[in-house]
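# Structural features, examined
Spelled out from the first residue to the last, the chains are:
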Amino acid sequence: GLALLPLAVPPAAAPPGGCPSACYCVATPELVQCRYERLEEPPKELPVTVHNLSIAGSNLSILHPAAFAARPLPDLRLLRLRHNNIQTIEDMALQGLPALRTLDLSHNPLLWVAAGAFAGVPLLRTLQLNQALLAAPLEDQLALALRNLSLQRLELAGNGLRALPAALLPAGLEELDLRNNSLQRLTAAELRILEAPGLRGLRLTLGANPLSCDCALRPFLAWLRATAARVPDARSLRCAAPPPLRGAVLLRLRPEGLACAANEDGEPGRLETASYVFFGIVLALIGIVFLMVLYLNRRGIKRWLHNLREACRDQMEGYHYRYEQDADPRRTSAIGTP
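A quick note: this is a predicted structure, and the numbers were derived from the prediction, not measured. (Residues numbered from 1 in each chain as written. Predicted model: local features only at pLDDT ≥ 70, side-chain atom pairs only at ≥ 80, totals over all residues. Heavy atoms only, no water.)

## Concerning the overall build of the chain
- Within the chain one finds six helices and 15 strands.
- Looking at the chain residue by residue over its 338 residues, the buried ones come to 38%.
- Considering only intrachain contacts with a sequence separation of at least 6, the fraction spanning at least 24 residues in the chain is 60%.
- For the chain, the accessible surface area stands at approximately 19,300 Å², while carbon and sulfur atoms represent 59% of it. (Helix = DSSP H or I, 4+ residues; strand = E, 2+ residues; numbered from the N terminus. Buried < 20%, exposed > 50% of the residue type's maximum accessible area, 1.4 Å probe, protein only. Contact = heavy atoms within 4.5 Å. Areas by Shrake-Rupley, 256 points an atom, 1.4 Å probe, with all protein chains shown as cover.)

## Concerning the confidence of the model for the chain
- Of the residues in the chain, 85% have a pLDDT of 70 or more, and the chain-wide mean is 85.
- Within the model, pLDDT remains below 50 along residues 1-16, and this stretch shows 21 contacts once partners closer than five positions in the same chain are excluded.
- Contacts from residues 262-266, a stretch scored under 50 in pLDDT, to residues over four places away or in other chains number 13 contacts. (pLDDT = per-residue confidence, 0-100.)

## Some remarks on the packing of aromatic side chains
- Inspection of every chain in the model, using the stated rule, returns one aromatic pair.
- Taking the centre distance of 6.2 Å and the plane angle of 20° together, the rings of phenylalanine 220 and tryptophan 223 count as stacked. Of this pair, phenylalanine 220 and tryptophan 223 both sit in helix H3 (residues 218-226), separated by three residues, roughly a single helical turn.
- What makes tryptophan 223 buried here is its relative accessible area of 8%. (Phe/Tyr/Trp six-rings, centres within 6.5 Å; stacked < 30°, edge-to-face > 60°.)

## Regarding unusual backbone geometry
- A cis amide bond links alanine 241 to the next residue, proline 242, at an omega of -5°.
- Within the chain, methionine 92 stands out as a residue other than glycine whose phi angle is a positive 60°.
- One can find methionine 92 in the loop between strand E7 (88-89) and strand E8 (102-104).
- In this structure, alanine 208 is a non-glycine residue whose phi angle is positive, near 65°.

## Brief notes about the nonpolar core
- Among the nonpolar cores identified, the biggest contains 76 residues, and Phe68, Leu81, Leu97, Leu103, Phe118, Leu176 and Leu250 are the most heavily contacted of them.
- Mapped onto this core, the elements with two or more residues apiece are strand E3 (28-35), strand E4 (52-56), helix H1 (139-145), helix H2 (188-194) and H3.
- Among the elements that make up this core, the one with the highest residue count is H3 (four residues).
- Apart from the residues lying within four places of it in its own chain, the contact partners of phenylalanine 68 are Pro42, Leu46, Leu53, Ile55, Leu63, Leu73, Leu79, Leu81, Ala93, Leu94 and Leu97. (Core = buried A, V, L, I, M, F, W, Y, C linked by side-chain atoms within 4.5 Å.)

## Considering the pattern of salt bridges
- Taken as a whole and assessed by the stated rule, the structure comprises 10 salt bridges.
- Glutamate 155 is paired through a salt bridge with arginine 153; the nearest N and O atoms lie 2.7 Å apart.
- Of the residues examined, arginine 153 reaches a relative accessible area of 22% and is grouped as partly exposed.
- Salt-bridge contacts for glutamate 175 lead to arginine 203; the nearest nitrogen and oxygen are separated by 3.7 Å. In this pair, glutamate 175 sits in strand E12 (residues 175-177) while arginine 203 sits in strand E13 (residues 203-205), placing the two residues 28 residues apart along the sequence.
- Classification of arginine 203 by relative accessible area gives partly exposed; the value is 36%.
- It is possible to trace a salt-bridge network through shared partners that takes in Arg153, Glu155, Glu175 and Arg203. (Salt bridge = Lys/Arg side-chain N within 4 Å of Asp/Glu carboxyl O.)

## What to know about the environment of leucine 199
- By the element assignment, leucine 199 lies in the loop between H2 and E13.
- Counting along the chain gives 27 residues from leucine 199 to glycine 172, while the straight-line C-alpha distance between them is 6.1 Å.
- What leucine 199 contacts, discounting residues up to four positions off in sequence, is Leu169, Pro170, Leu173, Ile193, Leu194 and Arg230.

## Side note on H3
- All buried positions along H3 are accounted for by Phe220, Leu221, Trp223 and Leu224. All buried residues of H3 fall inside an arc of 165° around its axis, so they share one side.
- Here the buried face of H3 lies against H2 and E13. (Arc of directions from axis to C-beta.)

## Topic: the pairing of E3
- One ladder, built from three bridges, connects strand E2 (residues 24-26) with E3; its direction is antiparallel. Pairing of cysteine 25 across the sheet is with valine 32, part of E3. (Pairing = 2+ DSSP bridges.)

## Focus on the sheet that holds strand E5 (residues 62-63)
- Sheet architecture is open: three strands sit in the order E5-E7-E9, paired in parallel fashion. Both outer strands of the open sheet, E5 and strand E9 (112-113), are each paired with one neighbouring strand and no more.
- Both E5 and E7 contribute to a ladder of two bridges, which runs parallel. Each residue of the ladder has a partner; that of isoleucine 62, found in E7, is threonine 88.

## What about the environment of alanine 135?
- Along the polypeptide, alanine 135 turns up in the loop between strand E10 (126-128) and H1.
- Overall, the relative accessible area of 44% leaves alanine 135 in the partly exposed class.
- For the pair alanine 135 and tryptophan 112, spaced 23 residues apart in sequence, the C-alpha separation works out to 9.9 Å.
- Apart from residues lying up to four places away in sequence, alanine 135 is in contact with Pro109, Leu110 and Leu111.

Have a look at this one:
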């Protein structure tokens, strides 16, 4: 293996076929770094013996076919392309790199990935796409581009993902980095995908996701307790919602203590909201029917109110008459005389 030494050999000191002028080599031409040199295209005439190539802070924009191999680089194993404003990766962009095992495209605003973008790198095992899928939804494009690869590690941290990217999980994948996304939980359907025969050995990291600790989390919590070894950061996972459980350690929660603020499909409040809407509609219909009955029977109701008023008047007159009779002193004295 190569030792990364602090010594930087200037281009003039490099042997023939050494570092391009915009880059520098560390210790030997086997490790080439091109940092913040504002390159518009990948450097030409790289040393054939290069093992690791790192380009950062440039404006590569489009990776054309055979972008890094004016001549084949049979020993290149690691290619880091962070922060290069890469937006498009065309077919056969990595042609001429048959030994490439690690490709880092993190922190690039990818907009288009051709179906044959990764053709020509059959040994690629690690693909890093951290904060690279924020500019456009690329899951379908990437699924086509990765279909013939045998990836072992896939990094998708910081991409705002709200669900497990099932289409990007090839059989045999060993590590998946989903940290710092927008996952509230893994649903029962997503957990079944993780239990598929080709993914039972997959380890995934889930830290810094806004986990919602309601009753919809119960399947994921049960799976996490049963397979904690598959989630290296399981003990550090914490709740982001609801407020009473914010900051609570996930593995310390009891399933029966998780309130149902969401339905089992993970859509907050839909069932409760639907119940209230249905109840409101029923009340409104009852009110409409009542008003229609009143309107259709308005004459009968008016007659009934008139009769009720007359009956009350007759009753009151009867009470008044008896009161006057009882209060008449002549009648009282006449009753008292033998």
